[in-house]
Amino acid sequence: MEHVASLIYTRGACPSVELESHVDINCINDGGVFVPVLPLLESPVEQSRKVLISLGKQRDNEEMSPLLPIEDINKFLSEQCRSLNSALKKLEDSFPPSSAQTLISAAEASLVLLSHHIGSIAEHYCNGVGYIEEMLRSQLVSAIGKEIQSEDFTEFILFHNRKLFKNEFVPKPFCHAIRRPGHYPDGVLSIERTGNGDFGTKKNTDPVVTFMRKIEGSSSAPMFFPINAATSVEFTGERFLHAWICHEFGEERESRSGGFNLVARARQFSSFLLLIGTVSGPDSFDPQHAIILQNKDEVLIPLLLNQLPTPKEFKDAIQSLSPEQQRFAKAFRSMQLESSVFGVCAVQLKPQLELLLGLPQFSLTKEIKLTQDLLSLFIDYQISSDLLSFDGDDAMTSSEKVEVVKGHVAAVYEMIQELKEKDLRNAEQEADMHVEMLGCNSGFSFGGAAPAPRGGGMFGDMFGSAAPAPQAVMAFSAAAPLPQDYMACAAAPAPQASVAFGAPAPVPVPRSAELSATKTRLSVKPKGQAQSDLTKTDASQLYKDSKNLDETPQNSKSVDFTLIPKKLDAKFEALDTDSALRPTVIKTGDVWTKRMQQNLLTKMHEVTLTPGMQKKERNKAFDLLDALSRSGPLPIACAELHVFVAATHCFENSLMATVIQDNINPIEKMEKSMLIVASTIFDLSPAHLLKNEQEEERVVKYSPALFE
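Here is a short report on the structure shown in this document. These figures come from a predicted structure and were not determined experimentally.

Some words on the pairing of strand S9 (residues 271-281)
- Taken across its 11 residues, S9 has 10 buried, putting it largely inside the fold.
- Count of turn residues in the S9/strand S10 (residues 284-294) antiparallel hairpin: 2 residues.
- Here S9 runs beside strand S12 (residues 342-348); their pairing, made up of 7 bridges, is antiparallel. Each residue of the ladder has a partner; that of Ile276, found in S12, is Val344.

Shown next as structure tokens:
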């Protein structure tokens, strides 16, 4: 209409066009046309036989509909036809006929009127649907008592799972205690939702729930992970397969970034090592990150959930590609699925130290100081385990073997102290010589009596008693002191000889010679093959014997974790008719947060771990693993591997819009998705997972494809 009006009012641009004086553009409107779209609901009545439209023959036993009767609907349509014909008749009287040579005739005016009427019908329809939806929303809120949000739906799913699945298959919160059987935990490992505050200062930081399958008999199928290009370490222990199912509603899909954290906490006077990476093969684990946690350390690692296209979306996207392009896309998606197997491995340090040093099981449980000193020697000084391992008679008691190891630790600390003192003397001599050279260059006279040097050198105090010590000496004095438990074992430092002016500096003894002499003094004798080195079978059996074997077995055969995503993808394609389940890749964020306590007298403080600092933590952890495994020959027999596969059920609209606008019950959709994933993880049919026959009958009614 605006376009037509613009042509009329710009007649100066078309002087050859003549307009009739009686043309009134304002009469082209649909104000008098009846719109037969109204949000009306009433009790049904007997229908008339004279109808303009028919909705089909109704049966006598058909359920009564709240919609208007067909008779009333046809009356509305009749009134629409009458009012529309009347409006068109008025236009024919107001505008010239189509045969006239005018800009706007009755035909154009009728077209504009019909366009306005179509727009009014669409507007009334949208308003009517919106009115009905708002009415349904109000009724739903009144029935429930509140407007349901995504968090409420999550809580309901947790409650509903306990009624739907058998006890052994119910999804459980992932909050795993890192412990030896029958002992107090060394720490806790969990995946938590992100709160507003750091480290769970908001209440909504509950652990996520996962389907968990414990893989029995894992000690017979060892796995390996590399710590450098030349060393690959074997590890055995318990393994857990977790299936993590998320759900997202419309607005969350655009706003959520991350939202979950991997949290690891160590107890006081306890320690463990954490490896984070992906399962890259049937028997290989590829750790990208590693960190040592001890003495109330706490690390928060953000997790990023990257969703892949659904199988249907992927097939639709590559349908028009060439065969070569399709093969490339399929190969790349296969790689994406295999790399989506996220793994977290927790290594207990005390059991591995006992294996490494040849000590009986649980002998280090109460040796807190000895354990910390051993870790310090391995991490800070990278001392060889051969200098510390037990080398006495196997008939000795457990406490006697521990005392032997304590003696080796004391001797090594004595050696370290001697090397520190030697370095200190060398630093003092270098400082004295430096001061001497400065004095010679400035023409300093040595004729008078000089005070005794403070640092033991001849010129140690020539700048007065208030002069600061040389920087090299101060830096070395700040080194970590010798542990007091082993101070009695350290020999007293030799008297410091005065250095004569002009005398040559003593030739320093090479460090390798010092180490060789100390090793000889320690008298570390290599034992026989049957007495010293634990074989891989002995190490695995030693830890296996301490396991509690009364847990419910799930499967006694080994599992190739890299095949799980492909099996899930095939199930999604066959059973997910809504194309709502998306394979999800779990990755770690770039910036971590760590809480730590320097000592017992200080408070906890937070440290941000940048990628560079994460690399340092990783190198430190790999150095410790290298020592604990003797660079590969000794397997890690006290590792727990948690493997995660994830999927996300995506709803197009918000929760309330899904229920009201889409007329979808999200509970039934989530039930179907969880049964698809759980049946794949446990390798059982959905009927074996459900709690009772009533639940099975209900699920069969709404999701029959799962049981075909």
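Anyway, onward from the coordinates.
Quick look at the nonpolar core
- By size, the foremost hydrophobic cluster in this structure holds 88 residues, and its most contacted members are Phe165, Phe235, Leu273, Leu275, Leu388, Leu624 and Ile636.
- Here Phe165 is in contact with Val170, Pro171, Phe211, Met674, Leu675, Leu689 and Lys691, once residues within four sequence places are set aside.

Re the pattern of salt bridges
- Considering all chains together, one arrives at 21 salt bridges under this definition.
- When the shortest N-O distance is used, the salt bridge between Arg82 and Glu79 registers 2.7 Å. Of this pair, Arg82 and Glu79 both sit in helix H2 (residues 70-94), 3 residues apart, which is roughly one turn of that helix.
- Among the residues examined, Glu79 registers a relative accessible area of 29% and is labelled partly exposed.
- Residue Lys146 is joined to Asp152 by a salt bridge in which the shortest nitrogen-to-oxygen separation is 3.2 Å.

Some remarks on the packing of helix H4 (residues 150-164) against helix H17 (residues 666-682)
- As a packed pair, H4 and H17 sit with axes 11 Å apart at the nearest point and diverge in direction by 55°. For the element pair H4 / H17, the angle class is oblique. Relative to H17, the crossing made by H4 is right-handed. The segment H4 lies against H17, with Phe153, Phe156, Ile157, His160, Asn161 and Leu164 engaging Pro666, Ile667, Met670, Glu671 and Met674.

Section: the packing of aromatic side chains
- In this structure the tally under the stated criterion is 13 aromatic pairs.
- Measuring from ring centre to ring centre gives 5.8 Å for Phe34 and Phe76, while their planes differ by 50°; the resulting arrangement is tilted. Separated by 42 residues along the polypeptide, Phe34 in the loop between helix H1 (2-9) and H2 and Phe76 in helix H2 bring together distant segments of the chain.
- Summarising the aromatic geometry, the rings of Phe235 and Phe285 are spaced 6.5 Å apart at their centres and angled 70° between planes, so their arrangement reads as edge-to-face. Taken as a pair, Phe235 in strand S6 (residues 232-235) and Phe285 in strand S10 lie far apart in primary sequence, 50 residues in all.
- Given a relative accessible area of 0%, Phe285 falls into the buried group.

A short note on the packing of H4 against helix H19 (residues 693-702)
- Here H4 crosses H19 at 115°, and the two axes come no closer than 10 Å. Residues His160, Lys163 and Leu164 of H4 form the contact with H19, whose own contacting residues are Glu695, Arg698 and Val699.
- The residue inventory of the contact of H4 with H19, partitioned by class, reads 2 nonpolar, 1 polar and 3 charged.

Reading guide: rules and limits
- Residues numbered from 1 in each chain as written.
- Predicted model: local features only at pLDDT ≥ 70, side-chain atom pairs only at ≥ 80, totals over all residues.
- Heavy atoms only, no water.
- Buried < 20%, exposed > 50% of the residue type's maximum accessible area, 1.4 Å probe, protein only.
- Helix = DSSP H or I, 4+ residues; strand = E, 2+ residues; numbered from the N terminus.
- Pairing = 2+ DSSP bridges.
- Core = buried A, V, L, I, M, F, W, Y, C linked by side-chain atoms within 4.5 Å.
- Contact = heavy atoms within 4.5 Å.
- Salt bridge = Lys/Arg side-chain N within 4 Å of Asp/Glu carboxyl O.
- Axes fitted to C-alpha atoms, helices over the stretch in contact; angles between N-to-C directions.
- Parallel < 35°, antiparallel > 145°, perpendicular 65-115°, else oblique.
- Left-handed = near helix turned anticlockwise from the far one by under 90°.
- Phe/Tyr/Trp six-rings, centres within 6.5 Å; stacked < 30°, edge-to-face > 60°.
- Nonpolar A, V, L, I, M, F, W, Y, C, P; charged D, E, K, R; others polar.

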